[in-house]
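Structural features, examined
Each chain, written out:
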Amino acid sequence: MAEQHNILVILGHPASDSLCAGMARAYAEGAQNAGAQLRFLEVGQLAFDAVLRAGYRGEQSLEPDLLAAREDITWAHHLVWVYPIWWGAMPALLKGFIDRVFLPGFAFRYRKGSSLWDRLLAGRSAELLVTMDSPPWYFRWVTRMPGHHQMKKAILEFCGIRPVRIHSFGPVRSASADRLAQWVDKARQLGQRQGMRAA
């Protein structure tokens, strides 16, 4: 009997009718059809303050939607993040979500008297489906992929989540309807492939 494989798809685009939304739903459909247990989290539909008001120095209670998001992340074996690149990195709303949820004691823990830390989300993997208006080669070689490095190295791997696979889609602005449909279908195929890993 196959081990249960829990996948959490996180839509980081604020709009529910965006290309990212279509890709996120297609990924979820593919994974679910392949036998994975799936949850879907739409950051743009959550009710929360996206500003970490006092950094790690003050107490800022988590809203119910963020508490539920934490439970989803804890439940998941594989996290799928679907979002656009705006100004070189993720949208502010998604960054605010991460600021509020990936706190010390949940995502990581600094060691007293040491520059090292504990990675509290270890044992999970992640996949990024990232859209952009610039060609992926330009994002890679000219701007040096700041958003990819931020998400993979500075956030997910810092918290112990690995491996992190990245799929870049672009340029969106000049893409034909057929090209956009191909990207949605590619997301579905990626979901199916991940869903079959535990089958």
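Residues numbered from 1 in each chain as written. Predicted model: local features only at pLDDT ≥ 70, side-chain atom pairs only at ≥ 80, totals over all residues. Heavy atoms only, no water.

The topology assignment puts E127 in strand β6 (residues 125-131). Since its relative accessible area comes to 1%, E127 is described here as buried. Those residues within four positions of E127 in sequence are excluded, and the remaining contacts are Y27, H78, L79, V80, W81, R165, H167, L190 and Q194. (Helix = DSSP H or I, 4+ residues; strand = E, 2+ residues; numbered from the N terminus. Buried < 20%, exposed > 50% of the residue type's maximum accessible area, 1.4 Å probe, protein only. Contact = heavy atoms within 4.5 Å.)

In this section: the pairing of β6. Counting buried positions along β6 yields seven of seven residues, so the element is predominantly enclosed. Neither face of β6 is exposed, since S125, E127, L129 and T131 on one face and A126, L128 and V130 on the opposite face are all buried. Pairing of strand β3 (residues 78-84) with β6 involves seven bridges; the strand directions are parallel. If you follow V80 over to β6, its bridge partner there is E127. Bridging between β6 and strand β7 (residues 164-169) involves six bridges; their strand directions are parallel. Considered in β7, the bridge of A126 is made with V164. (Pairing = 2+ DSSP bridges.)

Moving on to the nonpolar core. Ranked by size, the top nonpolar core spans 39 residues in total, and within it W81, Y83, F97, I98, F102, M151 and L156 carry the most contacts. Of all the secondary-structure elements, those providing two or more residues to this core are β1 (6-11), α2 (64-75), β3, α3 (92-101), β6 and α5 (146-156). Leave out the neighbours within four places in its chain, and F97 touches L41, V43, L46, F48, L66, A69 and W81. If you look at the next biggest cluster of nonpolar residues, it comprises 22 residues, including L11, A21, V80 and L190. (Core = buried A, V, L, I, M, F, W, Y, C linked by side-chain atoms within 4.5 Å.)

Now for the pairing of β3. By the criterion of burial, β3 is predominantly enclosed, with seven of the seven residues buried. Here β1 pairs with β3 via five bridges, running parallel. Following the sheet pairing, V9 is matched in β3 by V80.

Purely geometric numbers; function is a separate question.
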